[in-house]
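Residues per chain, in single letters:
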Amino acid sequence: MPITGTHIAYYHTCHRKLWLFAHGIQMEHTSQVVAEGKLIGETSYAERAQKYTELAIDGIKIDFYDSKNKVVHEVKKSDKVEKAHIAQVKYYLYILAKNGIPDASAIIEYPKMRQKEIVEWQEEDKSEVEEWIKGVEEIMHQNECPPLVKLKICKKCSYYDFCYSGELTE
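Each value, and the rule that gives it
- Residues numbered from 1 in each chain as written.
- Predicted model: local features only at pLDDT ≥ 70, side-chain atom pairs only at ≥ 80, totals over all residues.
- Heavy atoms only, no water.
- Pairing = 2+ DSSP bridges.
- Helix = DSSP H or I, 4+ residues; strand = E, 2+ residues; numbered from the N terminus.
- Axes fitted to C-alpha atoms, helices over the stretch in contact; angles between N-to-C directions.
- Core = buried A, V, L, I, M, F, W, Y, C linked by side-chain atoms within 4.5 Å.
- Buried < 20%, exposed > 50% of the residue type's maximum accessible area, 1.4 Å probe, protein only.
- Contact = heavy atoms within 4.5 Å.
- Parallel < 35°, antiparallel > 145°, perpendicular 65-115°, else oblique.
- Left-handed = near helix turned anticlockwise from the far one by under 90°.
- Nonpolar A, V, L, I, M, F, W, Y, C, P; charged D, E, K, R; others polar.

**Q** Please set out the sheet that holds strand 2 (residues 60-66) residue by residue, giving values where relevant.
**A** Within a sheet, neighbouring strands are paired by backbone hydrogen bonds and run either parallel or antiparallel to one another. What the five strands build is an open sheet, ordered 1-2-3-4-5; its pairing is mixed. Edge positions in the sheet fall to strand 1 (53-57) and strand 5 (115-120), since each has one partner strand and no second. Strand-to-strand twist in this sheet, taken as the mean axis angle between neighbours without regard to direction, amounts to 35°. Across five bridges, the pairing between strand 3 (residues 71-75) and strand 4 (residues 105-110) is parallel. For Val 75, the partnering residue across the bridge sits in strand 4 and is Glu 109.

**Q** Let's hear about the pairing of strand 5: which residues, and what values?
**A** Of the strand pairs in this sheet, strand 4 and strand 5 are connected by six bridges, and their pairing is antiparallel. Bridge pairing in strand 5 links Ala 106 to Val 119. Taking the residues that link successive antiparallel strands as the turn, the strand 4-strand 5 hairpin has four residues, and the phi of Arg 114 there is positive, at about 55°.

**Q** Outline the nonpolar core, supporting the account with residue identities and numerical values.
**A** Ile 62, Val 72, Tyr 91, Leu 93 and Leu 96 are the most contacted members of the largest nonpolar core, which totals 38 residues. Listed by contribution, the elements that provide at least two residues to this core are helix 1 (5-13), helix 2 (15-22), strand 1, strand 2, helix 5 (82-98), strand 4, helix 6 (125-140) and helix 7 (160-164). Broken down by element, this core gets its largest block of residues, eight residues, from helix 5. Beyond its immediate stretch of four places on either side in the chain, Leu 93 contacts Val 72, Ala 104, Ser 105, Ala 106, Val 119, Glu 120 and Trp 121.

**Q** Help me get a handle on the environment of His 12, residues and values and all.
**A** Counting through the fold element by element, His 12 comes out in helix 1. A residue is classified by how much of its surface remains accessible, and His 12, at 18% relative accessible area, is buried. Put simply, His 12 and Glu 82 are 70 residues apart on the chain and 9.6 Å apart in space, counted from C-alpha to C-alpha. Not counting the four nearest positions on each side in its chain, His 12 is found in contact with Lys 83, Ala 84, Ala 87 and Trp 132.

**Q** Kindly report on the packing of helix 1 against helix 2, identifying the contributing residues and their values.
**A** Their axes nearest at 6 Å, the elements helix 1 and helix 2 cross at an angle of 150°. Taken as axis vectors, helix 1 and helix 2 run roughly antiparallel relative to one another. Between helix 1 and helix 2 the crossing geometry is left-handed. Contacts from Thr 6, His 7, Tyr 10 and Tyr 11 of helix 1 reach helix 2 at His 15, Lys 17, Leu 18, Phe 21 and Ala 22. Here the contact of helix 1 with helix 2 is composed, by residue class, of five nonpolar, three polar and one charged.

Right, here's the structure in full:
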């Protein structure tokens, strides 16, 4: 199974979520939060689909790629897991460089917040991304699901009911 940007984002968010996703247990289709995020992504920049291309390469899918300026545009609902968003687009930039598209950059857009985060590729990012890939592969190949780690973001996660079934709530 090729590693996707989602794997990298989940690696930075929750190892349990990554393992479940990698093993075909996907809960995103049941989440209102995910549905809202998709709606924001689809409606915030409606003209973008005409201006930029979708790019699928080495297991990743970039919805909006400006090939003229070599810029990945990634739309997110909020910056609550910004570290994961940055890691995801750095992984995209890594894959682009690996496939002969060097010096690309990314813009993470948070339309509800009216904010943007510019992400530039640095040469030292290569070794960091390669460590993430190793980490993702290790988690994906574990025989057992990682234990539940209670995080602030759990209540908004599409896997919340799965992870907390049987847990006593406060």
